[in-house]
Amino acid sequence: NKELNINEIKNLIKNSVKPKKLISVKEVVKIISDFYNLEDGVVIKKTRKKEVVKPRQVIMYILREDFNISYPSIGEKLGGRDHTTVMHSYEKIKNDIKTDLVLNKEISQIRGMMWLGFVGNVLKVFESININCWLNVYKTKTNNILRSCY
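Computed from a prediction, not measured in an experiment: that's the story for all the values here.

1. Re the overall build of the protein chain
Within the protein chain, the secondary structure is distributed over 6 helices and 3 strands. Classification of the 150 residues of the protein chain by burial places 33% in the buried group. Restricting to contacts in the protein chain with at least 6 residues of sequence separation, those with at least 24 account for 62%. Carbon and sulfur atoms form 56% of the exposed surface of the protein chain, whose accessible area is close to 10100 Å².

2. Let's talk about the packing of helix α3 (residues 50-67) against helix α5 (residues 83-99)
Running from N to C, α3 and α5 cross one another at 90 degrees; their axes reach a closest spacing of 8 Å. What the angle tells us is that α3 and α5 run roughly perpendicular. Residues Gln57, Val58, Met60, Tyr61, Arg64 and Glu65 of α3 lie in contact with α5, whose contacting residues are Thr85, Val86, His88, Ser89, Tyr90, Lys92, Ile93, Lys94 and Ile97. Of the residues assigned to the contact of α3 with α5, the class counts are 7 nonpolar, 4 polar and 4 charged.

3. Quick word on the nonpolar core
Formed by 30 residues in total, the largest nonpolar core has its most connected members in Val58 and Ile62. Breaking this core down by element, the ones donating at least two residues are α2 (25-35), α3, α4 (71-77), α5 and α6 (101-128). Among the elements that line this core, the one with the most residues is α3, at 8 residues. When neighbours within four sequence positions are excluded, isoleucine 62 is seen to be in contact with Val28, Ile32, Phe67, Ile107, Ile110, Arg111 and Met114.

4. Re the confidence of the model for the protein chain
The pLDDT averaged across the protein chain works out to 77; a share of 63% of its residues lies at or above 70. Strand β2 (residues 137-139) is the least confidently modelled element of the protein chain, averaging 40 in pLDDT, while α5 averages 96, the highest of any element. Every residue in residues 131-150 is under pLDDT 50, and counting partners more than four places away or in other chains gives 45 contacts.

5. A word on the side chain of threonine 47
Tracing the chain through its elements places threonine 47 in the loop between α2 and α3. Apart from the residues within four sequence positions on either side, threonine 47 is in contact with Val42, Val52, Val53, Arg56 and Arg81.

6. Quick word on the side chain of glutamate 106
Its place among the elements puts glutamate 106 in helix α6. Here glutamate 106 falls in the buried class, since its relative accessible area comes to 14%. At 2.7 Å, the side chain of glutamate 106 forms a polar contact with the side chain of tyrosine 36.

7. Things to note about the environment of isoleucine 69
With respect to the element layout, isoleucine 69 can be found in the loop between α3 and α4. Overall, the relative accessible area of 17% leaves isoleucine 69 in the buried class. Sequence-wise, isoleucine 69 and valine 25 are 44 residues apart; in three dimensions their C-alpha atoms are separated by 9.6 Å. Those residues in contact with isoleucine 69 that lie beyond four places of it in its chain are Val25, Leu63, Arg64 and Ile74.

8. Points about the environment of valine 42
Structurally, valine 42 can be placed in the loop between α2 and α3. In contact with valine 42, other than residues within four places in its own chain, are Thr47, Val52 and Arg56.

Rules used in this analysis
- Residues numbered from 1 in each chain as written.
- Predicted model: local features only at pLDDT ≥ 70, side-chain atom pairs only at ≥ 80, totals over all residues.
- Heavy atoms only, no water.
- Helix = DSSP H or I, 4+ residues; strand = E, 2+ residues; numbered from the N terminus.
- Buried < 20%, exposed > 50% of the residue type's maximum accessible area, 1.4 Å probe, protein only.
- Contact = heavy atoms within 4.5 Å.
- Areas by Shrake-Rupley, 256 points an atom, 1.4 Å probe, with all protein chains shown as cover.
- Axes fitted to C-alpha atoms, helices over the stretch in contact; angles between N-to-C directions.
- Parallel < 35°, antiparallel > 145°, perpendicular 65-115°, else oblique.
- Nonpolar A, V, L, I, M, F, W, Y, C, P; charged D, E, K, R; others polar.
- Core = buried A, V, L, I, M, F, W, Y, C linked by side-chain atoms within 4.5 Å.
- pLDDT = per-residue confidence, 0-100.
- Polar contact = N/O pair within 3.5 Å; in protein donor to acceptor, adjacent residues only side chain to side chain.

Structure, rendered in C-alpha cells:
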C-alpha cells in the first residue's frame, strides 16, 4: 500500500481526467441532431434548409457557451464554416433565447440530455480507475492522506 498526499491525489486526478473529454463535440452534435430528429451528419452538410439551420446554430451556441470552444474551431468541426458564421449563429441564438420561450426550453432540455451523457461518461472514468481500490481518506496532523491499493 502506498500513501498519497492530497497534492499527489490532485495531480493524479488532473492528469488522468480531462473534463472536456467527458463529452465530445461529436456527442454534442449527436445529442442535438437526435433532439431535432435529424439524420447523423446532416448538420455538417452545406445546406440552408430551415430544419437544419436552427439545430446547427444551437450546436454552435452550445459549443461556445457551455464548452468555450473557439469560433474557428467550432466552424472547422461543423463542416469547415467560417468563424464569422459561427459568431453570427452564437449571437442569434443568444438573443433569440431572451424572447423565444420554446427555444429557451429546447436548450434547457438539450443541456439536460448532455448532462446525462456527461454523468454516464464520468461513471465510466471512475470504473476505469477501479474506484473500489481506493479505501479511505483520513486526516493526519499535517494533511489528508489517501491510502490506495497501488
